[in-house]
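So the chains spell out like this:
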Amino acid sequence: MIQYIELGGANRPLKFSYHALKAVCKKLKLKLTDLHRLSDSLENVGVLTYFALKSGAKSEGLSEDFKLANVEDWLDAAGISAIGQVLELFAESQAPKQDVAEEVEAETEGK
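Residues numbered from 1 in each chain as written. Predicted model: local features only at pLDDT ≥ 70, side-chain atom pairs only at ≥ 80, totals over all residues. Heavy atoms only, no water.

Asker: Would you take a moment to explain the packing of aromatic side chains for this structure?
Answerer: Aromatic ring pairs are reported here in terms of the distance separating the ring centres and the angle at which the planes meet. What the rule picks out here adds up to four aromatic pairs. Judged by centre distance (5.2 Å) and plane angle (65 degrees), the rings of Phe 16 and Phe 90 are edge-to-face. Here Phe 90 lies in helix α4 (residues 80–94) and Phe 16 lies in the loop between β2 (10–15) and α1 (18–28), a separation of 74 residues in the sequence. Among the residues examined, Phe 16 registers a relative accessible area of 8% and is labelled buried. Overall, the relative accessible area of 11% leaves Phe 90 in the buried class. Taken together, Tyr 50, Phe 51, Phe 66 and Trp 74 form an aromatic cluster joined through their ring pairs. (Phe/Tyr/Trp six-rings, centres within 6.5 Å; stacked < 30°, edge-to-face > 60°. Helix = DSSP H or I, 4+ residues; strand = E, 2+ residues; numbered from the N terminus. Buried < 20%, exposed > 50% of the residue type's maximum accessible area, 1.4 Å probe, protein only.)

Asker: What exactly am I supposed to notice about the pattern of salt bridges here?
Answerer: If the charged atoms of two oppositely charged side chains come close together, the side chains can form a pair. Counted by the stated rule, this structure contains four salt bridges. Of the charged contacts, one joins Asp 34 and Arg 37 as a salt bridge, the two residues approaching to 3.7 Å between their closest N and O atoms. Between Arg 37 and Asp 40 there is a salt bridge; the shortest N-O distance is 3.7 Å. Residue classification places Arg 37 among the partly exposed positions, given a relative accessible area of 38%. Judged by its relative accessible area of 57%, Asp 40 falls in the exposed class. (Salt bridge = Lys/Arg side-chain N within 4 Å of Asp/Glu carboxyl O.)

Asker: For this particular structure, what's the right way to read the nonpolar core?
Answerer: Burial of nonpolar side chains together is a common tendency in soluble globular proteins. Residues Leu 38, Leu 48 and Leu 53 are the most contacted members of the largest nonpolar core, which totals 28 residues. Secondary-structure elements contributing two or more residues to this core are β1 (2–7), α1, α2 (42–60), α3 (68–78) and α4. Examining the composition of this core, we find that seven residues originate from one element, α2, more than from any other. Discounting residues that sit within four places of it in the chain, Leu 53 has contacts with Ile 5, Leu 7, Arg 12, Pro 13, Leu 14, Phe 66, Val 71 and Trp 74. (Core = buried A, V, L, I, M, F, W, Y, C linked by side-chain atoms within 4.5 Å. Contact = heavy atoms within 4.5 Å.)

Asker: I keep staring at unusual backbone geometry and nothing clicks. Help me out?
Answerer: The general pattern is negative phi for most residues beyond glycine and trans for most peptide bonds. The backbone of Lys 29 sits at a positive phi, close to 55 degrees, despite the residue not being glycine. Counting through the fold element by element, Lys 29 comes out in the loop between α1 and α2. Since its relative accessible area comes to 73%, Lys 29 is described here as exposed.

Asker: Help me understand the layout of surface pockets, please; the structure alone is not making it clear to me.
Answerer: Leftover empty space is mapped by rolling, across the atoms, a probe with the size of a water molecule. There is about 180 Å³ of room inside the largest pocket. When contributions to the lining of the largest pocket are tallied by element, the ones reaching two or more residues are α1 and α2. Counting residues per element, the lining of the largest pocket draws most heavily on α2, which supplies five residues. The residue makeup of the lining of the largest pocket, split by class, is three nonpolar, four polar and four charged. (1 Å grid on protein atoms, 1.4 Å probe; cavity = no way out; pocket = protein on both sides within 12 Å on 5 of 7 lines; lining within 4 Å. Points joined across faces, edges and corners; volume = space filled by probe spheres on them. Nonpolar A, V, L, I, M, F, W, Y, C, P; charged D, E, K, R; others polar.)

Below, the structure written as structure tokens:
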């Protein structure tokens, strides 16, 4: 799922894809089970945003005209609300879709 955020003077696509999360885990030396700790550090939020923006740009066929330092500068300029927005969008992307949750619930009730 591609979401959008205003950063660096542009509306940019974010995608919390497998590849993005794999890169985040590798860069931050986290296990998949540690992803809930991403909000523990501002550095983590910058890294998460960077790789989600890279994945979003790739999915949309856009050039990756930024580096991690650019993303950190954009977050700094945008303020705490942008950091909160990134974390909110990440949480939304990880939440099970309602129709999928309902299907799983129906299947388990029928057993």
